[in-house]
Structures are given as structure tokens and as C-alpha cells.
Amino acid sequence: MEEILKYVQNQLVQAPARLKSYTQDEQGKKYPQRNIYIKIEKFVRDFLYGQNIQDRWIIIPGLRGVGKTTILAQLFLRWYQEIGDRRILYISLDEVVNVFGSSLKDVLTAYEKIIGESFEKLTKPVFIFIDEAQYDSKWASVLKSVYDRSNKVFVLCSGSSAVSLQTNPDVIRRSIFQKLFPTSFSEFLMIRDDIYPVKGLKKNIKDALFNSESAKDVYQKLKACEQNIISAWAAIDRNYIDEYLKVGTLPFAIRVKDESRVYQTITLLLDKVINQDVQSLGRFDIKTLVHIKRALFLISESDVVSVQKLSRTLETSVNTISNILEVLEQAELLIRIMPFGSNSKKVRKPSRYQFMSSAIRSAFLSVAGNEQIFAGQKGRLMEDIVAMTLYREFVANSRGSLNYDSSKAGADFILTIAEKNIIPIEVGMGDKSGAQVKKTMKKVGAAKYGVVICRNPLTLLEESNIVKVPLDYFLLM
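Below: a short report on this structure. Just so it is clear, the structure is predicted and the values come from calculations on it, not from any experiment.

### Quick word on helix α11 (residues 240-248)
Within an α-helix, residues lying three or four positions from one another point in the same direction, as the helix has 3.6 residues per turn.
Point 1. The element α11 is extensively covered by neighbouring structure, given that seven of its nine residues are classed as buried.
Point 2. Of the residues making up α11, those classed as buried are Y240, I241, Y244, L245, K246, V247 and G248.

### A word on the sheet that holds strand β5 (residues 176-177)
Point 1. Taken in spatial order, the five strands of this open sheet run β2-β3-β4-β1-β5, and their pairing is parallel. Two strands close off the open sheet at either side, each with one partner strand: β2 (88-92) and β5.
Point 2. Sheet topology places strand β3 (residues 126-131) next to strand β4 (residues 153-159); five bridges connect them, and they run parallel. Paired with I128 across the two strands is V155, which belongs to β4.
Point 3. Taken strand by strand, helix α2 (residues 35-48) contacts β1 (57-61), β3, β4 and β5, and its axis lies near 160 degrees from that of β4.

### Points about the layout of surface pockets
Point 1. A volume near 1400 Å³ is recorded for the largest pocket.
Point 2. Forming the walls of the largest pocket are 43 residues, and the residues nearest its centre are S21, Y22, T69, T70 and F252.
Point 3. Looking at the lining of the largest pocket, the elements that each hand over two or more residues are α1 (2-19), α3 (68-83), β2, α4 (93-98), α8 (185-193) and α12 (259-280).
Point 4. Among the elements that make up the lining of the largest pocket, the one with the highest residue count is α12 (six residues).
Point 5. When grouped by side-chain class, the residues that make up the lining of the largest pocket number 14 nonpolar, 12 polar and 17 charged.
Point 6. Around the second largest pocket, the lining comprises 32 residues; the ones closest to its centre are N35, K39, K202, R392 and E393.
Point 7. Looking at the lining of the second largest pocket, the elements with two or more residues in it are α2, α8, α9 (201-210) and α18 (371-395).
Point 8. Sort the elements by how many residues they give to the lining of the second largest pocket and α9 lands first, with four residues.

### A few points about the packing of α12 against helix α13 (residues 286-300)
Point 1. Viewed as axis vectors pointing N to C, α12 and α13 meet at an angle of 140 degrees, and their least axial separation amounts to 11 Å. On the basis of the axis angle, α12 is oblique to α13. Crossing handedness for the pair α12 and α13: right-handed. Across from T267, L270, D271, I274, N275, V278 and Q279 in α12, the residues of α13 making contact are I286, L289, I292, K293 and L296.
Point 2. Taken together, the residues of the contact of α12 with α13 break down into seven nonpolar, three polar and two charged.

So, how was this worked out
Residues numbered from 1 in each chain as written. Predicted model: local features only at pLDDT ≥ 70, side-chain atom pairs only at ≥ 80, totals over all residues. Heavy atoms only, no water. Buried < 20%, exposed > 50% of the residue type's maximum accessible area, 1.4 Å probe, protein only. Helix = DSSP H or I, 4+ residues; strand = E, 2+ residues; numbered from the N terminus. Pairing = 2+ DSSP bridges. Contact = heavy atoms within 4.5 Å. Axes fitted to C-alpha atoms, helices over the stretch in contact; angles between N-to-C directions. 1 Å grid on protein atoms, 1.4 Å probe; cavity = no way out; pocket = protein on both sides within 12 Å on 5 of 7 lines; lining within 4 Å. Points joined across faces, edges and corners; volume = space filled by probe spheres on them. Nonpolar A, V, L, I, M, F, W, Y, C, P; charged D, E, K, R; others polar. Parallel < 35°, antiparallel > 145°, perpendicular 65-115°, else oblique. Left-handed = near helix turned anticlockwise from the far one by under 90°.

Shown next, in the form of C-alpha cells:
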């Protein structure tokens, strides 16, 4: 206990200096604040000033490498002086568990001794920031206990996507999940070159694309945004699109000049996800864990994934492959997109899998090592970006569902908003005719309108009720 007491004392003193490296580059230039920062800072401020003492346990799950530690560090350093050095604690459970062989419970017991008050008897609020929560399997029950013991403790914790699997109804009732996704193109521009989005532009583009009555309505709304979109792109190097597709969805990679170094880091990141996050779920033996990376490599080269075909290629059972795919989806490495239609069709037909971060697919494709491979796969990387965006904006918050048309030459995606508004979507890096969307609209019957995301200019196909939307427009959403 003495050792962990000293560790907590050191953290209270050294955390500000240690966390600076997560919030600025080697030249001391501060990283910009991402969209999620503003949401969470409001919870901190409202709790500190007594405007909201109910929302005091915030959980940030997300794929490794998406910037969770940076968000915690930025918030810590923003509020450190105002709260007071002994009343705000930052710890990484990776360090606590693997270096000291201790636990979150021991850390919090030591912290109570240092501040000289039990949580029940606190006279002033305290703030506890916990990074890498998944390293202590009992993190959720320990924090639930702290939450119940005092309404003067604010907890902000982050962890891999697997942390959401270790929660239970009691935790879900008490906490607020703020999921951190890979960087959007607008966030990429902020981090890379301090280019900030035009105020209200994302909202207007999203409203036009997904909250219109017809393709003509979409077209007219986007026309109204056109001048702002042109102005925004005047400051953007068009080579950034390829850079974003390759590595830009993971913030740590954005300012790294050496692409091969980025891919090496992604490989190490994947090893941690597989050997730590996935293994912690206790569903696979060591032999099966080896299959996971091979499965990801095979998925990186395909669109639709047949469980039976993967089973034969990897020489393992269909049941094992199904379990692997399920865990990769839960760990948010992959987004599973099921075929559109009845439940029986969804079971019979293979699912489509997109990578949550296009950089991970790009890392697998880089093994081939030439630009022709990238040029040939650019369309798939763009599909990853579209899938991640639709997942973030509609699926993750239960505002919609995402499927695909399993028939030959059907639409890449079918977005259903509020269980009634159906929008088939086709994605391509070149000129697109809209034939895929047209075919799917005929099949679905009840589609509100069709959207084609492509390199073409903004074009209305009024007779078909389809609108072609330039990639430039979609990326700013």
C-alpha cells in the first residue's frame, strides 16, 4: 500500500508536466480541441459550478489510437489550476496494473488518505480522470461504488471499445457514454494545418443530405451551401484527400511525415487490440488469436465477407470465424453492415464489413507496397469513410440503421433514419452514373431519394429522384 500511496502522491505533483506531451507537438504547438472536447468540458464546468451534479460519470470508449488520452490530458490541463492540484487526479490503469501490480480500488483508497477525507465526507468536489480503464477488470464496479458513495466526485474515464462490454445495467444507468470516433476530415484539417470548419456548414450539409423531402430538395439545399463549400476548399490542398484516406483517421498519424512509421505503429496498435482487449474478453485461446490478424488482412481486400469462405481459407470452424467477426465488431475495428431485407435474408446472405478507420485497411494494403495498389483500393477506403460517418451520425446514437443491397450491382449502403426514411447511397472515387442507386430504389420501393457520393459536380437527376453529391461536400460533414 505504501508504494501505491507514493505513486498517487507523485501523480498529483507530476501529472501536469507529464500530460503536456499529449497536448502539443515537439515544437510546443498545442493540438486543437476536437468536437468531443467541447461536449465533455460542459459536463466538467456544470458540475464544478453546481449547475448539474447528476451527470458526473463520463465514459469515453473508442478504438485504440483515436486520441482518448489527448482528450483527457487537454481537459486536465484546462481545469487543473481552477480546481486545485490536490482535488484533480489523473491516473493510467495501464501503469497501475502492469507496473505496480495494483488496482483502481487501491489507488482511490490511497487518494482518500492523501486528501484527508473519505468520499462520503467531502466538503468540496474532486475530479478523478482515469485512462485505460480496461486494464482493471473491476473498474466498473469500483467506480459505481464511488458514484454511489458521494455526489461530490466527478469521474471521467476512457478505455478501449471493449470497456463498453464490461458494463452492466447499473453502470449504464449512472454513466454517460461519449464515444470517440476516428477523426473526421474537418478534424484532420484542424490537427494538420489549423484549418477550422466554417461555422454551421456541417449541420447544413447533413440536413440537406439526410433531412430532405426529395432529391430536388437535397440539391436546392446544397446549392445554397455551395459558396461556403467553395470558400472552404480554397484553403485546402487537394492532396490531403489521399493523405486522409491513408492515415488521417488516426490523429497520432496526422503530423508524422514517414508513412511506413505510421503503418508500423498501426500494426503494434492492432497487436494490442488483439492480444489485450480481445483476449481480456476470455472468448479465445492463443491459437485462435493468431487467426484474427489473418482474418483482418483478408477482409481488407474484400467488400462482402462470407463466413464459410473465411472458414475454409483459415482452416478453422465457421463458429470460430463468426465469433471472431463479432468480437472485431464489438472492439470497433470493423463496422458490420447486414443485407437489407427480412431477418431470414439477413441470416442467409453474407454481411459486408467496413473498417472503422480507413487507416487500418490502408496499413494492411501497404504490405503490397506500391501506389497502384492504393489507387485500385481508393474506392474501398472512401467506403470506409462513408460507413464510419454514417455509423457515427446515425447508428451509434440509435437514430438510424445501416444496411447494403445484397443483389448484384446494388447500392453500397442503405441508410434508414427513424425506421422510415430510406436513403440508398452509392460511393465512388470516379464518375458515377447512379445506376446502382437507381436499381436499389426500384427494389426497395419506399426510398425517399437516392444519393451518389462521387467526383461528379453537384447534379440533380430529377426523373430518377437521385442527386449526385461531390466528395468535396460529403467530406466537410
